[in-house]
Amino acid sequence: MTENVWILGIHMTPFGKRADKDVLDLAAEAALAALKDAGVTMRDMQVMGYGNLRGQTSGQSLQKQIGQTGIPSYNVSNACATGSTAMRAVMMSIKSGESDMGIAVGVEKLYGAGLLTGNDVGSGPETWTPKGRNGAIKNLDGYIGTSGMAGLFAQIGMAYNNSDPRANFELFARISEKSHSHSTLNPNAAYQNKMSLEQIMNDPMIAYPHTRSMCSANCDGAAAAVLVSESKLRTLSLEQQRRAVKISASVLASDPWTEAAQEFPDVSTVTRNAAIKAYELAGVGPQDMNLVELHDCFAAAELVHYDNLQLCEPGGAIDFFNSGATWRDGKTPVNVSGGLQSKGHPIAATGIANIWEVATHLRNEAGPRQIEGAKVGMAHVIGLGSSCTVHILEKSSL
Amino acid sequence: MTENVWILGIHMTPFGKRADKDVLDLAAEAALAALKDAGVTMRDMQVMGYGNLRGQTSGQSLQKQIGQTGIPSYNVSNACATGSTAMRAVMMSIKSGESDMGIAVGVEKLYGAGLLTGNDVGSGPETWTPKGRNGAIKNLDGYIGTSGMAGLFAQIGMAYNNSDPRANFELFARISEKSHSHSTLNPNAAYQNKMSLEQIMNDPMIAYPHTRSMCSANCDGAAAAVLVSESKLRTLSLEQQRRAVKISASVLASDPWTEAAQEFPDVSTVTRNAAIKAYELAGVGPQDMNLVELHDCFAAAELVHYDNLQLCEPGGAIDFFNSGATWRDGKTPVNVSGGLQSKGHPIAATGIANIWEVATHLRNEAGPRQIEGAKVGMAHVIGLGSSCTVHILEKSSL
Amino acid sequence: MPIPIVNYLALEPQPHLVAQQCTACKAKVFGRHNACPNCFALDFTEVDVPTTGVLKTFTIVHHDAKGVPVPYCAAVIDCGGMTVMGNIIGVDPDPEIITRGMEVQLKTYSLGNDAEGVEAIGFGFEPV
Amino acid sequence: MPIPIVNYLALEPQPHLVAQQCTACKAKVFGRHNACPNCFALDFTEVDVPTTGVLKTFTIVHHDAKGVPVPYCAAVIDCGGMTVMGNIIGVDPDPEIITRGMEVQLKTYSLGNDAEGVEAIGFGFEPV
Ligand SMILES: [Zn+2]
Ligand SMILES: [Zn+2]
């Protein structure tokens with residue numbers, strides 16, 4: 001048997017506009033706070049995982065700011081699953097016996113980055129010149145479909161359950177209404193203002209049916225987690241053991257072959273596969289989840305992931321949402337943090353930040369937004385490409 | 001006890017100008033050949049490690065070209081140690097029991113990339129504006145030292161052993177003479193032409209004492225390795241077991257704190273630390289090495305690493321080289337591939353390519369450049385930042 | 001002679017899309033591949049894709065990268081079992097007009113001429 | 001008032017470099033840090049770095065990024081135990097003239113004025 005791995009300390013910085021901080025400031029803020037939360041120092045760390053997609057920084061550059069002890073850094077990138085992939089690298093190091101404690105950090109400065117569309121298409125070429133494997137003579141965004149994220153996920157949502165006509169603008173807007181309501185209780189969310197359905201639907205349209213407030217919020221932020229092996233944890237203080245959070249399952253997966261996904265991103269199959277494996281590893285089922293943080297990068301994404309994560313009956317995501325199950329007072333609260341649309345989405349931080357959210361409830365430390373009695377929760381992230389992580393976390397019984 | 005990990009198959013593409021291939025072509029060429037060498041297919045892989053610094057490609061994009069089975073990809077970056085870090089990710093997955101077989105791929109298109117200097121300094125600003133943690137008002141390259149690699153490593157070499165005056169232009173040129181002689185036997189090297197000491201010294205000076213032929217050669221290339229757990233290996237054919245190469249030690253390390261390294265890169269301390277740990281893990285010593293591929297990104301680097309890897313007496317690298325020990329007919333052949341200066345240095349491929357070189361000798365498959373009877377070898381890579389890997393490999397006794 | 005926007009758009013005899021089909025497992029993909037992503041076989045043959053299909057899903061893009069004319073309708077079309085990405089053209093990009101399940105037909109249009117007078121041809125799908 | 005090329009170059013009363021020193025372990029670094037890389041303590045005080053030192057190692061850069069005037073001598077100097085990077089100035093960048101172990105002295109020079117007439121000041125080291 002390899003080691004079980006636990007979260008000993010974890011931290012998420014406030015998300016939003018952090019103009020006075022550079023990328024390393026945010027990474028250091030999260031890392032130092034996670035270490036403090038864990039009751040340990042960099043001297044105890046034996047491995048680092050690090051993710052920062054747009055900042056050109058590495059774990060080594062963070063070490064120069066918070067402590068250079070010579071430990072390796074796995075600098076990873078996996079789109080929106082970058083932070084959770086950094087955590088997996090640390091987990092593997094611990095499970096393999098190479099380390100008994102390590103730290104994972106995800107950080108991004110994204111405030112004001114604008115729409116996450118394809119590249120600037122620029123002006124046309126002097127001469128049409130076929131490029132790449134498709135022999136494209138120009139940037140195809142806007143000419144052969146869209147490469148903008150809001151539009152891609154709009155199509156994914158509009159295709160839900162064989163294009164169920166109820167998967168429409170108003171339904172997706174009501175999902176965002178829930179997010180913007182939940183975030184009013186989250187002091188770390190980038191946007192904490194409640195929004196009415198009308199406000200959401202009347203916001204500028206980005207890619208129908210996604211208005212601006214139905215899209216993930218570009219912002220600055222970082223999150224960090226200190227992981228520990230179970231045998232090491234048992235040597236630590238009772239208080240550390242009590243607050244530690246068990247990682248019952250940690251799964252990273254990529255797209256398997258599906259014909260449709262060759263042309264158009266398939267976020268469902270990979271999520272389904274990861275979730276099935278995670279439930280199996282953890283020995284729990286969807287009905288056991290006291291809360292779920294799932295990757296609602298756009299409103300439409302949340303709907304399909306209810307189904308992909310088996311939170312509802314197959315094909316039943318619309319009824320499930322309409323039943324109120326995913327509101328914070330429902331059967332399976334989803335994105336009580338406010339989700340990516342209002343908590344915000346500093347890409348490489350997100351994969352650890354949603355684990356922080358779940359862990360904070362399991363520790364009964366979530367303040368006014370606490371889901372009472374939370375014992376088991378799930379954190380899901382998917383980045384196009386695709387890479388998907390599913391983590392199932394459990395309250396300490398030590 | 002966690003699993004021992006072995007190399008089941010490994011491949012390096014020819015290095016050089018590969019204008020007809022894109023990044024994924026090269027990655028696919030290496031990966032498909034490594035799988036074939038291993039006698040397995042993508043169906044057998046349970047994890048992928050992937051490194052490509054300049055091409056914006058991911059393991060998932062490679063999977064779309066060679067096989068999408070849904071396995072996770074750890075897309076890593078660690079400067080020149082990127083390929084070997086990808087390999088470590090696969091190793092950790094196997095050692096942790098999450099997988100029993102996986103593939104690591106490193107690839108780079110770098111031909112014609114020009115000098116690896118700092119950024120283009122561009123024209124001056126309209127208004128001096130302090131930026132960053134040093135409040136720099138301009139790009140500092142050329143104004144406060146150099147950020148060019150040739151110059152950085154020149155200074156590292158010129159500082160060898162308290163600035164031993166024998167660490168001079170001619171000595172470093174003679175090290176390159178060895179590299180350019182060794183590569184004449186390597187059909188995969190980017191440059192296979194012998195160069196005389198005079199030719200090397202009369203080449204255009206890049207950063208004294210490094211002339212052009214004393215610098216690593218930017219080129220295109222890829223390398224891939226299929227790794228397997230020892231228990232899985234024992235279920236495979238005798239031929240597969242015989243050709244498998246044991247990874248006796250695999251160490252990744254970053255810079256520990258040293259005062260000097262805050263201002264100026266210290267490639268020595270991290271290499272020393274990684275080597276000490278690797279010898280300890282493998283239970284062998286420097287005297288046991290039948291061949292060593294070390295990170296000679298510039299001629300001067302090779303000298304200091306003789307010492308850092310303990311191949312010579314402390315402080316004795318100059319005498320060691322002068323004794324002829326590191327020529328292919330010497331006591332400890334170093335860089336019989338031709339090294340980065342003539343074999344070439346497609347950055348993210350290098351960390352696996354040098355492991356391929358050592359493995360190929362251990363398998364007695366290195367053709368005209370075979371080091372006869374090679375049983376144990378070492379592969380060392382360091383990227384500024386710094387990250388360093390040291391691998392010790394052993395011939396199969398299965 | 002005009003040049004297609006992508007190499008999987010054939011202009012002759014009538015405009016149509018051309019897929020690469022794995023000779024082993026019959027999986028179809030667009031564009032050059034090193035091996036079959038489904039079965040890892042190395043050989044492909046070219047097959048024509050039907051020029052009519054059913055609109056599976058769509059979006060109307062109102063904000064896009066600089067230089068992309070908006071609004072436009074991006075869609076996913078099922079052309080005889082092959083999933084194809086393309087824009088819906090020839091009608092207003094309006095969710096009242098464009099509906100999931102509608103039948104569409106491949107159409108080409110001019111993307112203009114380059115400095116040497118060569119015309120580029122794009123494609124989209126029009127409601128039948 | 002002139003502006004220094006980096007914030008760790010103090011121009012008054014005489015030009016000198018200023019390090020951040022960890023109050024706990026006395027480690028010295030240049031530039032703002034979140035914590036001490038050696039002992040992780042959070043507080044730093046400023047200390048002046050001696051303006052003379054010994055040249056530990058150098059290179060003469062002949063090819064550099066576009067816009068950097070070459071050749072120049074980049075060097076590492078030990079200033080009273082603190083490692084400093086800087087160019088050797090005031091002499092030809094010639095390995096016959098510049099030698100490891102030579103004593104050097106901090107010197108400043110003008111980098112020119114910006115559009116608002118503000119002068120920027122660089123620094124290097126001259127053989128004593
Ligand atoms: Zn096939
Ligand atoms: Zn200190």
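Above this text sits the structure in question.
Once a new chain begins, its residue numbering starts again from 1 and follows that chain's sequence as written. Note on labels: chains are lettered from A, ligands numbered from 1, in written order. Per-residue local features are limited, in this predicted model, to residues with pLDDT of at least 70; the limit for side-chain atom pairs, both in listing and counting, is 80 or more; totals at the level of whole chains, interfaces and linings are taken over all residues. Note that the side-chain values use all heavy atoms of the structure and ignore hydrogens as well as water.

Section: the overall build of chain C
Part 1 of the reasoning: Scanning chain C from terminus to terminus reveals zero helices and ten strands.
Part 2 of the reasoning: Numbering of helices and strands runs from the N terminus; a helix is a DSSP stretch of H or I covering at least four residues, while a strand is a stretch of E covering at least two. Reading chain C from its N end, one meets helices and strands in the order β-β-β-β-β-β-β-β-β-β.
Part 3 of the reasoning: With the C-alpha coordinates aligned to their principal axes, the bounding extent of chain C is approximately 40 × 40 × 30 Å.
Part 4 of the reasoning: Summary of the burial criterion: residues with accessible area below 20% of their type's maximum are buried, those above 50% are exposed, and those between are partly exposed, where the area comes from a 1.4 Å probe applied to protein chains only. By the burial criterion, 51% of the 128 residues in chain C qualify as buried.
Part 5 of the reasoning: Contacts are residue-level and defined by heavy atoms, with any inter-residue pair within 4.5 Å sufficient. Of the contacts made within chain C by residues no fewer than 6 positions apart, 45% connect residues no fewer than 24 positions apart.
Part 6 of the reasoning: Using a 1.4 Å probe, accessible areas were evaluated by the Shrake-Rupley method; residue-level cover was limited to the displayed protein chains. Of the accessible surface of chain C, which amounts to about 5,700 Å², a share of 49% is contributed by carbon and sulfur atoms.
Part 7 of the reasoning: Distance from the positive charge centre (7 side chains) to the negative charge centre (14 side chains) of chain C: 9 Å. Positive: Lys, Arg. Negative: Asp, Glu. His and the chain ends are not part of the count. Where a charge sits is defined by one atom per residue type, namely NZ (Lys), CZ (Arg), CG (Asp) or CD (Glu).

Here we look at the packing of aromatic side chains
Part 1 of the reasoning: Each Phe, Tyr or Trp ring, with Trp reduced to its six-membered ring, pairs with another whose centre is within 6.5 Å; inter-plane angles below 30 degrees give stacked pairs, above 60 give edge-to-face pairs, and intermediate values give tilted ones. Within this structure, the stated rule accounts for 16 aromatic pairs over all chains.
Part 2 of the reasoning: Look at Tyr 8 of chain D and Phe 123 of chain D: their rings are 6.4 Å apart centre to centre, the planes differ by 70°, and that puts the pair in the edge-to-face class. Of this pair, Tyr 8 of chain D sits in the loop between β1 (3–4) and β2 (9–10) while Phe 123 of chain D sits in strand β10 (residues 119–127), and the two are 115 residues apart along the sequence.
Part 3 of the reasoning: Residue classification places Tyr 8 of chain D among the buried residues on the basis of a relative accessible area of 4%.
Part 4 of the reasoning: Three or more aromatic residues joined by ring pairs make a cluster, and in this case those are Tyr 8, Phe 30, Phe 123 and Phe 125 of chain C.
Part 5 of the reasoning: Over the ring of Tyr 143 of chain A we find Lys 138 of chain A, and its NZ or CZ is 4.0 Å from the ring centre. As a reminder, the over-ring test applies to NZ of lysine and CZ of arginine, requiring each to be within 6 Å of the ring centre and within 35 degrees of the ring normal.

What about the pairing of strand β7 (residues 72–79) of chain C?
Residues and elements named next belong to chain C.
Part 1 of the reasoning: Counting buried positions over the eight residues of β7 gives seven, a clear majority of the element.
Part 2 of the reasoning: Whether two strands pair comes down to DSSP finding at least two bridges between them. Here seven bridges tie strand β6 (residues 52–61) to β7, and the two strands are oriented antiparallel to one another. Within β7, the residue paired with Phe 58 across the bridge is Ala 75.
Part 3 of the reasoning: Note that β7 and strand β8 (residues 82–88) share seven bridges and pair antiparallel. Within β8, the position partnered with Cys 79 by the bridge is Met 82.
Part 4 of the reasoning: The turn linking β7 back onto β8 is made up of two residues, and Gly 80 within it adopts a positive phi angle of 60°.

Regarding the coordination of the zinc ion (ligand 2)
All names here are of chain D.
Part 1 of the reasoning: Ligating atoms shown are N, O and S within 2.8 Å of the metal, or 3.2 Å for Na, K and Ca, and water is not included, meaning a site may look less than complete. Here the zinc ion (ligand 2) is held by the protein donor atoms Cys 22 (SG), Cys 25 (SG), Cys 36 (SG) and Cys 39 (SG), which lie 2.3 Å from it.
Part 2 of the reasoning: The sequence motif formed by the donor residues of the zinc ion (ligand 2) is C-x2-C-x10-C-x2-C. Separated by 14 residues along the polypeptide, Cys 25 in the loop between β3 (16–22) and β4 (28–29) and Cys 39 in the loop between β4 and β5 (44–49) bring together distant segments of the chain.
Part 3 of the reasoning: When its relative accessible area of 28% is taken as the criterion, Cys 25 is described as partly exposed.

What to know about the coordination of the zinc ion (ligand 1)
Residue and element names in this part refer to chain C.
Part 1 of the reasoning: Donor atoms from the polypeptide that bind the zinc ion (ligand 1) are Cys 22 (SG), Cys 25 (SG), Cys 36 (SG) and Cys 39 (SG), placed at 2.3 Å.
Part 2 of the reasoning: With four donor atoms in place around the zinc ion (ligand 1) and angles of 102 to 115° between them, the coordination shape is tetrahedral.
Part 3 of the reasoning: Motif for the zinc ion (ligand 1), donor spacing along one chain: C-x2-C-x10-C-x2-C. With Cys 22 in strand β3 (residues 16–22) and Cys 36 in the loop between β4 (28–29) and β5 (44–49), the pair connects residues that are 14 residues apart, well separated along the chain. Irregular is the default label, applied whenever a site is not tetrahedral (four donors, all angles between 85 and 135 degrees) and neither square planar nor octahedral (four or six donors, opposite donors over 155 degrees apart, all other angles between 65 and 115).

Comments concerning the interface of chain A and chain C
Part 1 of the reasoning: Between chain A and chain C, the residue contacts involve 43 residues of the former and 54 residues of the latter.
Part 2 of the reasoning: Summing both partners gives a buried area of about 4,100 Å² for chain A against chain C, and 57% of it is carried by carbon and sulfur.
Part 3 of the reasoning: In short, buried area is how much 1.4 Å probe accessible area vanishes from two parts on joining, totalled over both. Summed over the three residues of chain A that lose the most area to chain C, namely Trp 128, Arg 133 and Glu 263 of chain A, the buried surface amounts to 19% of that side.
Part 4 of the reasoning: A carboxyl oxygen of Asp or Glu within 4 Å of a side-chain nitrogen of Lys or Arg is what we treat as a salt bridge. The tally of links between chain A and chain C comes to zero salt bridges.
Part 5 of the reasoning: N or O atoms closer than or at 3.5 Å make up a polar contact, with two conditions inside protein: a donor-capable atom paired with an acceptor-capable one, and, for residues adjacent in sequence, both atoms drawn from side chains. For the interface between chain A and chain C, the tally reads 21 residue pairs in polar contact (both at pLDDT 80 or more).

Topic: the side chain of His 16 of chain D
Residues and elements named next belong to chain D.
Part 1 of the reasoning: Tracing the sequence through the fold places His 16 in strand β3.
Part 2 of the reasoning: Looking at His 16, its side chain comes within polar contact range of the main-chain oxygen of Gln 14, at 2.7 Å.
Part 3 of the reasoning: With residues up to four places along the chain from it excluded, the contact list for His 16 reads Tyr 8, Leu 9, Ala 10, Asp 48, Val 49, Thr 51 and Leu 106.

A look at unusual backbone geometry
Part 1 of the reasoning: Omega for the peptide link from Glu 12 of chain C to Pro 13 of chain C comes to -10°, which places this bond in the cis form.
Part 2 of the reasoning: Inspection of the secondary structure assignment puts Pro 13 of chain C in the loop between β2 (9–10) and β3.
Part 3 of the reasoning: Look at the link from Val 70 of chain C to Pro 71 of chain C: it is a cis peptide, with omega at -5°.
Part 4 of the reasoning: Tracing the sequence through the fold places Pro 71 of chain C in the loop between β6 and β7.
Part 5 of the reasoning: At Gln 310 of chain A, a position not held by glycine, the phi torsion is positive, near 60°.
Part 6 of the reasoning: Assignment of secondary structure puts Gln 310 of chain A in the loop between α11 (299–308) and α12 (317–322).
Part 7 of the reasoning: The residue Asn 335 of chain B is not glycine, and still its phi comes out positive at about 55°.
Part 8 of the reasoning: Assignment of secondary structure puts Asn 335 of chain B in the loop between α12 (317–322) and α13 (339–342).
Part 9 of the reasoning: Among the residues examined, Asn 335 of chain B registers a relative accessible area of 1% and is labelled buried.

Quick notes on helix α3 (residues 82–95) of chain A
Residues and elements named next belong to chain A.
Part 1 of the reasoning: For a helix, the expected span equals 1.5 Å multiplied by the residue count minus one. Counted at 1.5 Å a residue, the expected span for α3 with its 14 residues is 20 Å, and the 20 Å between its end C-alpha atoms agrees.
Part 2 of the reasoning: Most of α3 is tucked away, with 14 of its 14 residues classed as buried.
Part 3 of the reasoning: Where α3 ends, the next residue or the one after it, Gly 97, has phi of about 85°, a positive value.

Looking at the state of the cysteines
Part 1 of the reasoning: Disulfides are defined as cysteine sulfur pairs within 2.5 Å. Per the stated rule, a full pass over the model turns up zero disulfides over all chains.
Part 2 of the reasoning: Free of any disulfide, Cys 312 of chain B has its nearest neighbouring cysteine sulfur in Cys 388 of chain B, separated by 16 Å.

A short note on the pattern of salt bridges
Part 1 of the reasoning: Per the stated rule, a full pass over the model turns up 40 salt bridges over all chains.
Part 2 of the reasoning: Residues Arg 174 of chain A and Glu 170 of chain A are paired through a salt bridge, measuring 3.7 Å at the closest nitrogen-oxygen approach. With Arg 174 of chain A and Glu 170 of chain A both in helix α6 (residues 169–182), this residue pair falls four residues apart, about one helical turn.
Part 3 of the reasoning: Through salt bridges with shared partners, a single ionic network connects Asp 22 and Asp 25 of chain A, Arg 133 of chain B together with Arg 32 of chain D.

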